[in-house]
Amino acid sequence: MSPKRTAVCTVATGPHEQLYEISGPTFERFAEHHDYDLVVAHHDLGGGRPPAWGKLALLRELLDGYERVVWLDVDAVIVDPSGDIFERAGQLKTCWLAVHRYDGLEIPNLGVIAMISTRWTKRFIERLWMNEQYVHHKWWENAAALELLGYDVEVPRRESRRRTTTSRRVGELDLSWNSIALDPSPRPRIVHFPGMSQVDRLTAMRRVAEPAPATSVIDRRHAIVDGDLGRKGLAQLSRTVTR
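None of these values were measured; they are calculated from a predicted model.

Calculation rules
Residues numbered from 1 in each chain as written. Predicted model: local features only at pLDDT ≥ 70, side-chain atom pairs only at ≥ 80, totals over all residues. Heavy atoms only, no water. Phe/Tyr/Trp six-rings, centres within 6.5 Å; stacked < 30°, edge-to-face > 60°. Helix = DSSP H or I, 4+ residues; strand = E, 2+ residues; numbered from the N terminus. Buried < 20%, exposed > 50% of the residue type's maximum accessible area, 1.4 Å probe, protein only. Lys NZ or Arg CZ within 6 Å of the ring centre and 35° of its normal. Salt bridge = Lys/Arg side-chain N within 4 Å of Asp/Glu carboxyl O. pLDDT = per-residue confidence, 0-100. Contact = heavy atoms within 4.5 Å. Core = buried A, V, L, I, M, F, W, Y, C linked by side-chain atoms within 4.5 Å. Polar contact = N/O pair within 3.5 Å; in protein donor to acceptor, adjacent residues only side chain to side chain. Pairing = 2+ DSSP bridges.

Participant: Got a minute to help me understand the packing of aromatic side chains in this structure?
Facilitator: Any two aromatic rings considered together are summarised by their centre-to-centre distance and by the angle between their planes. Under the definition given, this model contains 6 aromatic pairs. Consider the rings of Trp53 and Trp129, whose centres lie 6.1 Å apart with planes at 90°: the pair is edge-to-face. Taken together, the positions of Trp53 in the loop between strand 2 (37-41) and helix 2 (54-62) and Trp129 in helix 3 (residues 119-130) put the pair 76 residues apart, joining distant regions of the chain. Note on accessibility: Trp53 and Trp129 belong to one class, buried. Where Trp120 meets Phe124, the ring centres are 5.2 Å apart and the plane angle is 10°; that geometry is what we call stacked. Here Trp120 and its partner Phe124 are both found in helix 3, 4 residues apart, which amounts to about one turn of the helix. When the ring centre of Trp53 is taken as reference, the NZ or CZ atom of Arg49 above it lies at 4.8 Å.

What follows is the structure, encoded as C-alpha cells:
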C-alpha cells in the first residue's frame, strides 16, 4: 500500500466533514512530524450500521498494509504532535487505548487507538464487528470493546471487571493521548470532544486548534484519500458474520 510503516487514519462523512476541517490540519501536522501516512475515508463504511462502526472496516484493511496503525476520531484535535504514541509498545501488548475514569466509572475509549499489525489485532477488530448486539447501543463499537475487555457494558466499573484474554493484550495509553472534559489530562497531546452537539463540538474544537504558523508548509503527500478506502476491510468484516 505504501512504503511507510505507519498510518494514521480517520473517517469523515456527513456532518463530520465540518469537524475534519478543524481536526484534519492537526492530523496532517502529526503525520508529517512522524513521517506517517494520513489515510482519510470520506465515505460511509458502516455497511448499514451507524457510521461509527466504519472505523473497524478502515482499521481492518490498513492492518493488512501497514506495520502500525493509529486511529483518531474526527472530533479529536492534536494539540502537541511531538510525542510518540508507540513509546510503550512491547511484545505483550499490541493495542493501546486511553481509559477514562470519572463518576465511579472506568471506560476504555476507542476514540484514539494505537495498534501493531498482528494476527491477534486483526482478529480483535473482527470480534468487535461480530458483537452485533451492540450495533445500535449508545456507545456502538465502544460497547463491543467493553464486552471483550470484561466490563459490565451498561455500568463499566473497575471492581466488577472480569479478566479476559482480550484484556491481557490491550494496553493503556497515557491520558494525554485522549483528554476529554470529564477526565482531562493536565498536559494533553490530543483533546477529544465526544458526547456533544455539533455546534458545541465545533466551538470547542476551534478553541483548541491553533492555526498552522504562516511559515508552515504541510506536505499533502502524507494524505491518502481514495474512494475505495476501507471497502475491502468492510467486505472482510462482513464475511466474519456469515461464517
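Participant: Is there a simple way to explain the pattern of salt bridges in this structure?
Facilitator: Pairing of side chains with opposite charge becomes possible as their charged atoms draw close. Summed over the entire model, instances satisfying the criterion amount to 14 salt bridges. Residue Arg189 is joined to Asp80 by a salt bridge in which the shortest nitrogen-to-oxygen separation is 3.1 Å. Of this pair, Arg189 sits in the loop between strand 7 (170-172) and strand 8 (190-192) while Asp80 sits in the loop between strand 4 (76-78) and strand 5 (95-102); the two residues are 109 residues apart in sequence, bridging distant segments of the chain. Arg101 serves as the salt-bridge partner of Glu106, at 3.1 Å between the closest nitrogen and oxygen. On the basis of relative accessibility, which here comes to 35%, the residue Arg101 falls in the partly exposed class.

Participant: Just to check I follow, could you spell out the confidence of the model for the protein chain for this structure?
Facilitator: Detailed conclusions should not be drawn from predicted coordinates in areas where pLDDT is low. Averaged over every residue, the pLDDT of the protein chain is 91; the share at 70 or more is 91%. Note on residues 214-221: pLDDT under 50 across the span, and 6 contacts to partners over four residues away in sequence or across chains.

Participant: What is the right way to look at the nonpolar core in this model?
Facilitator: Nonpolar side chains tend toward joint burial in soluble globular proteins. One finds Leu58 and Leu128 to be the most contacted residues of the largest nonpolar core, which totals 43 residues. Leu58 has contacts with Cys9, Thr10, Val11, Val39, Ala41, Leu45, Trp71, Leu229 and Gly230, leaving out every residue within four places of it along the chain. Formed by 32 residues, the second largest nonpolar core is a distinct cluster that contains Ala12, Ile22, Phe193 and Leu202.

Participant: Would you explain the environment of Trp120 in this entry?
Facilitator: Taking the relative accessible area as the measure of exposure, Trp120 reaches 18% and is therefore buried. For Trp120, the residues in contact, after removing those within four places along its chain, are Thr94, Cys95, Thr166, Arg169 and Val170.

Participant: Help me out: how do you make sense of the side chain of Asn109 in this one?
Facilitator: Tracing the backbone shows Asn109 in strand 6 (residues 105-116). Given a relative accessible area of 12%, Asn109 falls into the buried group. There is a polar contact of 2.6 Å between the side chain of Asn109 and the backbone nitrogen of Gly111. Here Asn178 takes part through its side chain, which lies 3.1 Å from a polar atom of the side chain of Asn109. When residues no more than four places from it in sequence are discounted, the contact partners of Asn109 are Leu97, Ala98, His100, Asn142, Asn178 and His192.

Participant: What should I look at first to understand the pairing of strand 3 (residues 68-72) in this one?
Facilitator: Burial analysis of strand 3 places 5 of its 5 residues in the buried class, the great majority of the element. The side-chain alternation of strand 3 yields two buried faces, one formed by Arg68, Val70 and Leu72 and the other by Val69 and Trp71. Bridge count between strand 1 (residues 6-11) and strand 3: 4 bridges; the pairing is parallel. Bridge pairing links Cys9 to Trp71 in strand 3. Where strand 3 lies against strand 6, 5 bridges are found, and the strand directions are antiparallel. Pairing of Trp71 across the sheet is with Ile113, part of strand 6.

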